[in-house]
Amino acid sequence: MADEKKKISLGGIDSAAEEKGSLIKTIWQLVKFLVVSGLVTVSYTHLTLPTKA
């Protein structure tokens with residue numbers, strides 16, 4: 001199994017979470033939301049930082 005490389009995709013993780021049950025699916029959706037929100041916040045903050053002229 002160490003020789004096999006598995007591609008990890010969000011679609012695959014979504015499917016796996018759905019197969020595990022509604023609680024796991026809900027937790028996974030929450031994690032995705034928090035990660036995306038954090039990335040957007042960091043991007044916005046970075047773009048709006050004052051710069052020395």
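Residues numbered from 1 in each chain as written. Predicted model: local features only at pLDDT ≥ 70, side-chain atom pairs only at ≥ 80, totals over all residues. Heavy atoms only, no water.

## Some remarks on the overall build of the chain
Argument step 1. A count of helices and strands for the chain gives two helices and zero strands.
Argument step 2. Buried residues in the chain amount to 4% of all 53 residues.
Argument step 3. Within the structure as shown, the chain displays about 5200 Å² of accessible surface, and the carbon and sulfur contribution to it stands at 66%. (Helix = DSSP H or I, 4+ residues; strand = E, 2+ residues; numbered from the N terminus. Buried < 20%, exposed > 50% of the residue type's maximum accessible area, 1.4 Å probe, protein only. Areas by Shrake-Rupley, 256 points an atom, 1.4 Å probe, with all protein chains shown as cover.)

## Considering a nonpolar patch on the surface
Argument step 1. A cluster of nonpolar residues, L23, I24, I27, V31, V35 and L39, forms a patch on the protein surface that exposes about 540 Å² of accessible area.
Argument step 2. Turning to its location among the elements, I27 is positioned in helix 2 (residues 22-48).
Argument step 3. Judged by relative accessible area, I27 falls into the partly exposed class, the value being 44%. (Patch = residues over 30% accessible without salt bridge, like charges linked within 9 Å, V, L, I, M, F, W, Y side chains within 5 Å. Salt bridge = Lys/Arg side-chain N within 4 Å of Asp/Glu carboxyl O.)

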